[in-house]
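Residues per chain, in single letters:
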Amino acid sequence: PGVAAFISSTGNLLVPVFGLLFFGWPVGRALWISIAVALAGMGLLFLGPGARVEAAHLYFVVSALLWAASIALVKRNSTEVGAVAVAAIQLVVAGVLILAVSLLVEEMPAAVPSIETWGWFLASILVSTCLRFVLQFRGQQLISAARVSVIMCCDPVWVLVFALAFLGTPLSLSQIFGCVVIFLAMICQVALPSRSVA
């Protein structure tokens, strides 16, 4: 989970790149340096004994790209649409797409899940998905894209901490170093003087 979170977090670095592609946002040298450093960190995640690139990692890369594109679109259009509406639209579209793919590639369960399973499922929908997205989009409306990037940098750190604490997920020294390098790249993207969009 920790490695996956750091792969996904690179999407935050790519938001200004999609802003440049979609809307012509100006970006500075700091962004390109940060992306290069993050790519070096990504390489470190896959060094060492037993480390290899798996299909799951590629899913996280695609997810990071789609995340960056969606955040750029939200940042550009969020002043015209409320946070609840933006979150609702994004979650409904994601839900429909995920359901369609799931029906194609997964088997339906043989038995109806227990009440406890449904409770956790509903809690994850209401708290960690809906509430999180509404709060996040509202925050994005109120502050600059650069500050959003800094705050979002903390996501993979928390995932890594909880993965180590609760799941005992092992990481090699090169993976730890890769995570640190990616985190530094994200921080540098905001800390260094840049012409990225405010």
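Up top you'll find the structure we're talking about.
Residues numbered from 1 in each chain as written. Predicted model: local features only at pLDDT ≥ 70, side-chain atom pairs only at ≥ 80, totals over all residues. Heavy atoms only, no water.

Peer 1: Please clarify how the environment of Cys-179 should be interpreted in this entry.
Peer 2: Mapped onto the elements of the fold, Cys-179 is located in helix 8 (residues 173-191). Taking the C-alpha atoms as reference, Cys-179 lies 7.1 Å from Leu-45; in sequence the two are 134 residues apart. (Helix = DSSP H or I, 4+ residues; strand = E, 2+ residues; numbered from the N terminus.)

Peer 1: It is not clear to me how a nonpolar patch on the surface should be interpreted in this structure. Could you clarify?
Peer 2: Among the surface-exposed residues, Val-112, Trp-118, Phe-121, Leu-122, Ile-125, Leu-126, Val-127, Leu-131 and Leu-135 lie close enough to one another that they form a single nonpolar patch of about 900 Å² accessible area. Here Trp-118 is to be found in helix 5 (residues 115-142). For Trp-118, a relative accessible area of 41% gives the class partly exposed. (Patch = residues over 30% accessible without salt bridge, like charges linked within 9 Å, V, L, I, M, F, W, Y side chains within 5 Å. Areas by Shrake-Rupley, 256 points an atom, 1.4 Å probe, with all protein chains shown as cover. Salt bridge = Lys/Arg side-chain N within 4 Å of Asp/Glu carboxyl O. Buried < 20%, exposed > 50% of the residue type's maximum accessible area, 1.4 Å probe, protein only.)

Peer 1: Explain helix 7 (residues 154-167) here, please?
Peer 2: Given 3.6 residues per helical turn, the α-helix brings residues three or four places apart onto the same face. With 14 residues, helix 7 extends 19 Å from end C-alpha to end C-alpha; this agrees with the ideal 20 Å at 1.5 Å per step. Inspection of helix 7 places Pro-156, Leu-160 and Ala-163 among the buried residues, and these make up the whole buried set. Relative to the axis of helix 7, the buried residues are bounded by an arc of 65° and lie together on one face. In this structure, helix 7 carries Trp-158, Ala-165 and Phe-166 as exposed residues pointing more than 90 degrees from its buried face. Residue Gly-168 follows helix 7 closely and has a positive phi angle near 60°. (Expected span 1.5 Å × (residues − 1). Arc of directions from axis to C-beta.)

Peer 1: Mind showing me how you'd approach the packing of aromatic side chains here?
Peer 2: To describe a pair of aromatic rings, you give the distance between the ring centres and the angle between the ring planes. If you walk through the whole model with that rule in mind, you get 5 aromatic pairs. Each ring, one from Phe-22 and one from Phe-23, has its centre 5.9 Å from the other, and the planes form 80°; the classification is edge-to-face. On the accessibility criterion, Phe-22 (41% relative accessible area) is partly exposed. The class of Phe-23 is partly exposed, set by a relative accessible area of 26%. (Phe/Tyr/Trp six-rings, centres within 6.5 Å; stacked < 30°, edge-to-face > 60°.)

Peer 1: Whenever I open this one, the nonpolar core confuses me. Can you help?
Peer 2: The tendency in soluble globular proteins is for nonpolar side chains to be buried as a group. Residues Leu-45 and Phe-137 are the most contacted members of the largest nonpolar core, which totals 33 residues. Secondary-structure elements contributing two or more residues to this core are helix 1 (2-23), helix 2 (29-45), helix 3 (55-77), helix 4 (83-105), helix 5, helix 6 (145-152) and helix 8. At 8 residues, the largest contribution of residues to this core is made by helix 1. (Core = buried A, V, L, I, M, F, W, Y, C linked by side-chain atoms within 4.5 Å.)

Peer 1: It is not clear to me how the side chain of Ser-34 should be interpreted in this structure. Could you clarify?
Peer 2: Position of Ser-34 relative to the elements: it lies in helix 2. Residue Ser-34 is classed as buried on the basis of its relative accessible area, which comes to 1%.

Peer 1: Would you mind going over the side chain of Thr-10 with me for this structure?
Peer 2: Mapped onto the secondary structure, Thr-10 falls in helix 1. A relative accessible area of 11% places Thr-10 in the buried class. Residues within four places of Thr-10 in sequence aside, it is in contact with Ala-38, Met-42, Ala-64 and Ile-182. (Contact = heavy atoms within 4.5 Å.)

Peer 1: What should I look at first to understand the environment of Val-3 in this one?
Peer 2: On the secondary structure map, Val-3 appears in helix 1. Separated by 172 residues in the primary sequence, Val-3 and Gln-175 have C-alpha atoms spaced 7.4 Å apart. With residues near it in sequence (within four places) discarded, Val-3 still touches Leu-45, His-57, Leu-171 and Gln-175.

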